[in-house]
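# What the coordinates show
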Amino acid sequence: MTPSLPLLLLLLGLMGAQATFDHRTAAAMAAGLCKTRPTDLVFIVDSSRSVRPSEFEQVKVFLAKVIEGLDVGTNATRVGVVNYASRVKNEVSLKTHRTKSALIKAVTRIEPLSTGTMTGLAIQFALNVAFSEGEGARTRSNDISKVAIIVTDGRPQDNIKEIALRAREAGIEIFAIGVGRVDMTTLKQMASDPLDDHVDYVESYSVIEKLTKKFQEAFCVSDLCATGDHDCEQVCISSPGSYKCACRDGFTLMDDGRSCSACSNAATDVVFLIDGSKSVRPENFELVKKWINQIIDKLDVSDSKTHVGLVQYSSSVKQEFPLGRHNSKKDLKDAVKRMAYMERGTMTGQALRFLTENSFSPGQGARPGVSKVGIVFTDGRSQDYIGEAAKKAKENGFKMYAVGVGNAVENELKEIASEPTGEHYFYTADFKTMTQIAKKLQINICQDEDPCECDSLVKFQKKVEVAIQALTKKLENMSKRIALLENKIV
């Protein structure tokens with residue numbers, strides 16, 4: 001069966017993606033778009049008598065160049081250096097230096113020991129001492145790699161097979177670099193699998209620098225956001241070797257984890273902060289309750305979507321019900337209708353502090369990572385200072401709406417409202433016209449979008465095939481018309 005056009009395009013795309021993947025790390029390195037994952041890295045360097053002083057200097061240059069490509073820091077990559085011959089010396093501890101410059105200076109000061117070649121003893125020392133928490137190593141975890149790079153030019157004078165195995169079993173990834181007349185069998189006994197990636201050989205110390213790029217790339221984790229290897233609609237947030245999508249202010253991340261909606265039909269926590277002061281009057285308070293229920297009617301209320309809480313305030317603050325207590329519109333509206341009128345002063349600042357410190361706390365039913373919306377209603381000037389509490393609410397990331405009626409003060413409403421204030425504060429002179437505000441105040445009301453016709457390759461393929469058939473038919477008709485014209489001309 002001959003593949004259809006869409007299928008051919010898909011196959012070509014996959015081939016191109018594979019080629020892109022093969023060169024991604026190199027491109028990221030060249031563009032400076034890669035970071036090194038957090039690593040505890042220990043160099044284990046042979047300075048036995050077979051290594052001439054000039055050759056040992058070349059090893060130190062290699063170490064310095066690898067260090068130069070790392071993200072060095074307390075919470076990034078920590079570097080240690082173990083120097084060995086017949087004895088072992090801990091030249092640089094993982095806890096000693098936190099900057100590249102300090103590390104490189106320490107490396108330049110290392111002197112060769114110029115005796116035998118006790119590689120097994122050096123690995124044992126690294127396992128017991130260099131990679132210990134006392135020397136600055138971090139607790140073993142999936143987030144932090146432990147790596148040893150061994151550089152040697154001879155045959156070990158002790159057994160390395162068992163101790164290297166123990167080191168690997170302890171979670172240490174071992175790279176073995178052999179120089180000159182090194183014994184390749186022992187290199188393979190030391191190194192981690194796959195050996196092709198973890199065993200390297202150079203003819204002499206004069207060319208060891210050519211391995212620098214290999215190790216820079218080995219530690220490189222591409223910043224996928226910077227390289228563009230992501231499908232986030234708006235904001236991409238990098239993490240080592242991965243990324244997650246986010247949205248700009250005013251947008252909500254949808255269930256697909258990548259696209260954003262200007263409305264918030266995803267999960268939302270909404271708290272009404274209602275003025276129950278004596279200036280409202282009982283008959284108007286009943287209109288306020290109807291207004292709240294008008295808004296609830298428009299919300300996508302459910303256990304997994306919108307949760308609603310209600311707070312009434314006057315001279316004191318009363319939580320009528322917390323977030324998550326009622327997760328159906330009927331139960332919410334019944335609870336709103338039962339709210340009794342407090343009929344005292346207007347302490348809006350105190351109410352805003354309650355909202356910030358209590359209403360959106362996990363202990364009161366707020367959900368982590370969910371958008372927070374506060375709707376403040378008042379009919380007069382606050383009897384206390386609102387500025388600090390209003391500022392705190394917005395600094396906490398709450399989207400604040402301010403609704404005023406009658407004697408409400410416009411400047412106070414603007415101070416409470418989120419930016420842009422024109423979209424987040426509302427005023428009407430009469431309680432009877434509050435229904436118009438309910439229509440304008442859009443929290444998470446979205447029109448259902450038509451389902452995408454191409455949500456699968458099969459549907460997409462059918463659509464293209466239909467289009468091709470239609471085009472073919474048009475071409476056939478055109479050919480017939482051209483033939484008729486030609487006959488008339490003749």
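The coordinates are above.
As the structure is a prediction and not an experimental result, all values here were calculated from the model.

## A word on the packing of aromatic side chains
Enumeration according to the criterion identifies seven aromatic pairs in this entry. Judged by centre distance (6.4 Å) and plane angle (80°), the ring pair of Phe272 and Trp291 falls under edge-to-face. Linking Phe272 in strand S13 (residues 268-275) with Trp291 in helix H10 (residues 282-298), this pair joins segments that are 19 residues apart in sequence. Exposure class is identical for Phe272 and Trp291. Each is buried. Each ring, one from Phe360 and one from Phe398, has its centre 4.6 Å from the other, and the planes form 50°; the classification is tilted. Taken together, the residues Phe360 in the loop between helix H12 (348-359) and strand S16 (371-378) and Phe398 in the loop between helix H13 (387-395) and strand S17 (399-405) connect sequence positions 38 residues apart.

## Structural notes on the state of the cysteines
Throughout the structure, instances matching the rule amount to one disulfide. A sulfur-sulfur separation of 2.0 Å characterises the disulfide bridge that pairs Cys232 with Cys245. The disulfide joining Cys232 to Cys245 has a torsion of about -80° about its S-S bond and is therefore left-handed. Of this pair, Cys232 sits in the loop between helix H9 (224-227) and strand S9 (235-239) while Cys245 is found in strand S10 (residues 242-246), placing the two residues 13 residues apart along the sequence.

## Re the sheet that holds strand S14 (residues 306-313)
Strand order in the open sheet formed by six strands is S15-S14-S13-S16-S17-S18, and the pairing between neighbours is mixed. Where the open sheet ends on each side, the last strands, each with one partner, are strand S15 (317-321) and strand S18 (425-428). Going from strand to strand, the sheet's axes swing by 20° on average, the running direction of each strand aside.

## Section: the sheet that holds strand S7 (residues 199-202)
The strand order S4-S3-S2-S5-S6-S7 describes an open sheet built from six strands, whose pairing is mixed. Looking at the sheet topology across the chains shown, the edges are occupied by strand S4 (88-92) and S7. Strand-to-strand twist in this sheet, taken as the mean axis angle between neighbours without regard to direction, amounts to 20°.

## Overview of unusual backbone geometry
A cis amide bond links Asp193 to the next residue, Pro194, at an omega of -5°. Even without a glycine there, the phi angle at Ser114 is positive, about 55°. One non-glycine residue, Arg281, adopts positive backbone phi at about 75°. By the element assignment, Arg281 lies in the loop between S13 and H10.

## Digging into the pattern of salt bridges
This model, assessed by the stated rule, comprises 19 salt bridges. Asp269 is the partner of Lys372 in a salt bridge, and the nearest nitrogen-oxygen pair spans 3.8 Å. Taken together, the positions of Lys372 in strand S16 and Asp269 in strand S13 put the pair 103 residues apart, joining distant regions of the chain. A residue is classified by how much of its surface remains accessible, and Lys372, at 13% relative accessible area, is buried. With relative accessibility at 0%, the residue Asp269 sits in the buried group. A single salt-bridge network, built from bridges that share partners, covers Asp40, Arg138 and Lys146.

## So, the side chain of Asn83
Take Asn83: it is sitting in strand S3 (residues 78-84). According to the relative accessible area criterion, Asn83 is buried, its value standing at 1%. Here the side chain of Asn83 touches Ser47 through a polar contact of 2.7 Å, side chain to side chain. Among the polar contacts listed, one links the side chain of Asn83 to the side chain of Glu91, at a separation of 3.1 Å. Ignoring sequence-local partners within four residues, the contact set of Asn83 consists of Val45, Ser47, Phe56, Val88, Lys89, Glu91, Ile110, Glu111, Pro112 and Leu113.

Rules behind the numbers
Residues numbered from 1 in each chain as written. Predicted model: local features only at pLDDT ≥ 70, side-chain atom pairs only at ≥ 80, totals over all residues. Heavy atoms only, no water. Phe/Tyr/Trp six-rings, centres within 6.5 Å; stacked < 30°, edge-to-face > 60°. Helix = DSSP H or I, 4+ residues; strand = E, 2+ residues; numbered from the N terminus. Buried < 20%, exposed > 50% of the residue type's maximum accessible area, 1.4 Å probe, protein only. Disulfide = S-S within 2.5 Å. Pairing = 2+ DSSP bridges. Axes fitted to C-alpha atoms, helices over the stretch in contact; angles between N-to-C directions. Salt bridge = Lys/Arg side-chain N within 4 Å of Asp/Glu carboxyl O. Polar contact = N/O pair within 3.5 Å; in protein donor to acceptor, adjacent residues only side chain to side chain. Contact = heavy atoms within 4.5 Å.

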